[in-house]
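The lines below spell out each chain.
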Amino acid sequence: MRQWTIDAFAAEPFKGNPACVVEPFDAWPTTARMQALAAENNQAETAFLLRTEDPARFGLRWFTPKVEVPLCGHATLASAHTLFAELETGVPRLTFDTKSGPLTVTRTDDGYQMDFPSDPPKHTEIPPGLAEALGVEPLEVWAGQYLVAIVADEAAVRGLSPDLVALEKVSSAATGGRGNVGVSALAPPDAPYDVVSRFFAPGSGILEDPTTGSFHCILAPLFAEKLGRPRLRFHQAYPGRGGDLVCEVRGERVMLEGRAVSLIDSRLRLEL
């Protein structure tokens, strides 16, 4: 079987967030087998696709090296790019059946647009130990499926060097979730984006994720409310890479727009 490595939310190689995408199956392999390949790939996400009778519809599951996750933006984008650009699926829009419901991806003149569920966060008290774990005092803390800390400025975001063991414990206690934390700030007025962020996911087996679509399902409604407009430009400032996307809030959905680049076309020497 073939497998592709795709840099998602990137306009050039070695930017954005890499994901592995396996050639579509006719029947799902066992969960253990998919998890084993994801651990072997050791990328933030490995995406697995399932054919259906509809050429524009596929099953989709996502695995980190550690766990299967209910939603992943960059690996959805990578999967759509693989089907559109590598396997030349001759349709204008794809639908993926996932644990988060149907997700659609449309090919555009400048990349892809994904239709994801919005996750508006709730304002919460700063959890005990969060400032110490991050190494910076948050101005605000919000909670959706992940914990979101708002800090003073872009320099504070880029300068983070958190204690990830402590961060996972604090976030797990605060959200009852997997122990993942995003940190964001408004960008300076002259920046080519509106919001800058980083995302730490030790609870999912990822120390820091380069560009995280599901995180922006929280950030988009949060900052759309703060800035008073539904369409915003985001930059995830993973050191040495960085990824860019545009998000637009439409009711209970978020449109995530980005590009992708094929990096590796490989062949698996085993049957899953």
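Quick note: structure is the one above.
Caption draft 1: Spotlight on unusual backbone geometry. Within the chain, Phe9 stands out as a residue other than glycine whose phi angle is a positive 60 degrees. Judged by its relative accessible area of 2%, Phe9 is buried. You will see that Asn42, though not glycine, has its phi angle at about 60 degrees, which is positive. On the secondary structure map, Asn42 appears in the loop between helix H1 (31-41) and strand E3 (45-51).

Caption draft 2: Helix H5 (residues 164-175), seen in detail. For H5, with 12 residues, the first-to-last C-alpha span of 16 Å sits near the 16 Å given by 1.5 Å per residue. For H5, every residue scored as buried is listed here: Leu167, Val170 and Ser171. With its buried residues spanning 95 degrees around the axis, H5 presents them on a single face. Exposed and oriented more than 90 degrees from the buried face of H5 are Val165, Lys169 and Ala173.

Caption draft 3: A look at the nonpolar core. Membership of the largest hydrophobic core comes to 53 residues, with the highest contact counts inside it found for Trp62, Leu94, Phe96, Val148, Phe223, Phe234 and Leu256. Counting 21 residues, the second largest nonpolar core, distinct from the first, contains Ala133, Leu134, Ala149 and Ala191.

Caption draft 4: Spatial organisation of the side chain of His81. Here His81 is to be found in helix H2 (residues 73-86). There is a polar contact of 2.8 Å between the side chain of His81 and the side chain of Ser262. Leave out the neighbours within four places in its chain, and His81 touches Ile6, Glu86, Tyr112, Ala260, Val261 and Ser262.

Caption draft 5: Here's a closer look at the pattern of salt bridges. Considering all chains together, one arrives at 17 salt bridges under this definition. Measuring nitrogen to oxygen at the nearest pair gives 3.3 Å for the salt bridge that ties Glu68 to Lys99. With Glu68 in strand E5 (residues 68-69) and Lys99 in the loop between strand E6 (93-98) and strand E7 (101-108), this pair connects stretches of sequence that are 31 residues apart. Judged by its relative accessible area of 58%, Lys99 falls in the exposed class.

Caption draft 6: Just the state of the cysteines, in detail. One pass over the structure, following the stated rule, counts zero disulfides. This cysteine, Cys20, is not joined by any disulfide, and Cys72 carries the nearest cysteine sulfur, 12 Å off. Cysteine Cys217 is unpaired, with the sulfur of Cys247 as its nearest cysteine sulfur at 7.5 Å.

Caption draft 7: Summary view of empty space enclosed by the protein. Summed over all chains, the structure comprises one cavity of 30 Å³ or more. Space inside the largest cavity adds up to approximately 110 Å³. For the lining of the largest cavity, the elements supplying multiple residues, two or more each, are strand E13 (195-201), strand E14 (206-209) and helix H6 (213-227). Along the lines of polarity and charge, the residues of the lining of the largest cavity split into seven nonpolar, seven polar and three charged.

Caption draft 8: Here's a closer look at the layout of surface pockets. Quantified by volume, the largest pocket comes out at close to 380 Å³. Looking at the largest pocket, it is lined by 24 residues, and the ones nearest its centre are Asp244, Leu245, Glu257, Gly258 and Arg259. Among the elements of the structure, strand E8 (111-117), strand E15 (231-236), strand E16 (243-250) and strand E17 (253-258) are those that each provide at least two residues to the lining of the largest pocket. Per-element tally for the lining of the largest pocket: the top contributor is E16, with four residues. Residue composition of the lining of the largest pocket, by class: nine nonpolar, seven polar and eight charged.

Caption draft 9: Spatial organisation of H1. The set of residues buried in H1 consists of Met34, Gln35, Leu37, Ala38 and Asn41. Along the axis of H1, the buried positions cluster into a sector of 160 degrees, meaning they face one direction only. Of the exposed residues in H1, those oriented more than 90 degrees away from the buried face are Ala32 and Glu40. Check the buried side of H1 and you find it contacts strand E1 (2-8), strand E2 (17-22), E3, strand E4 (57-63) and E5. Positive phi shows up at Asn42, right after H1, with a value of about 60 degrees.

Rules and cut-offs
Residues numbered from 1 in each chain as written. Predicted model: local features only at pLDDT ≥ 70, side-chain atom pairs only at ≥ 80, totals over all residues. Heavy atoms only, no water. Buried < 20%, exposed > 50% of the residue type's maximum accessible area, 1.4 Å probe, protein only. Helix = DSSP H or I, 4+ residues; strand = E, 2+ residues; numbered from the N terminus. Expected span 1.5 Å × (residues − 1). Arc of directions from axis to C-beta. Core = buried A, V, L, I, M, F, W, Y, C linked by side-chain atoms within 4.5 Å. Polar contact = N/O pair within 3.5 Å; in protein donor to acceptor, adjacent residues only side chain to side chain. Contact = heavy atoms within 4.5 Å. Salt bridge = Lys/Arg side-chain N within 4 Å of Asp/Glu carboxyl O. Disulfide = S-S within 2.5 Å. 1 Å grid on protein atoms, 1.4 Å probe; cavity = no way out; pocket = protein on both sides within 12 Å on 5 of 7 lines; lining within 4 Å. Points joined across faces, edges and corners; volume = space filled by probe spheres on them. Nonpolar A, V, L, I, M, F, W, Y, C, P; charged D, E, K, R; others polar.

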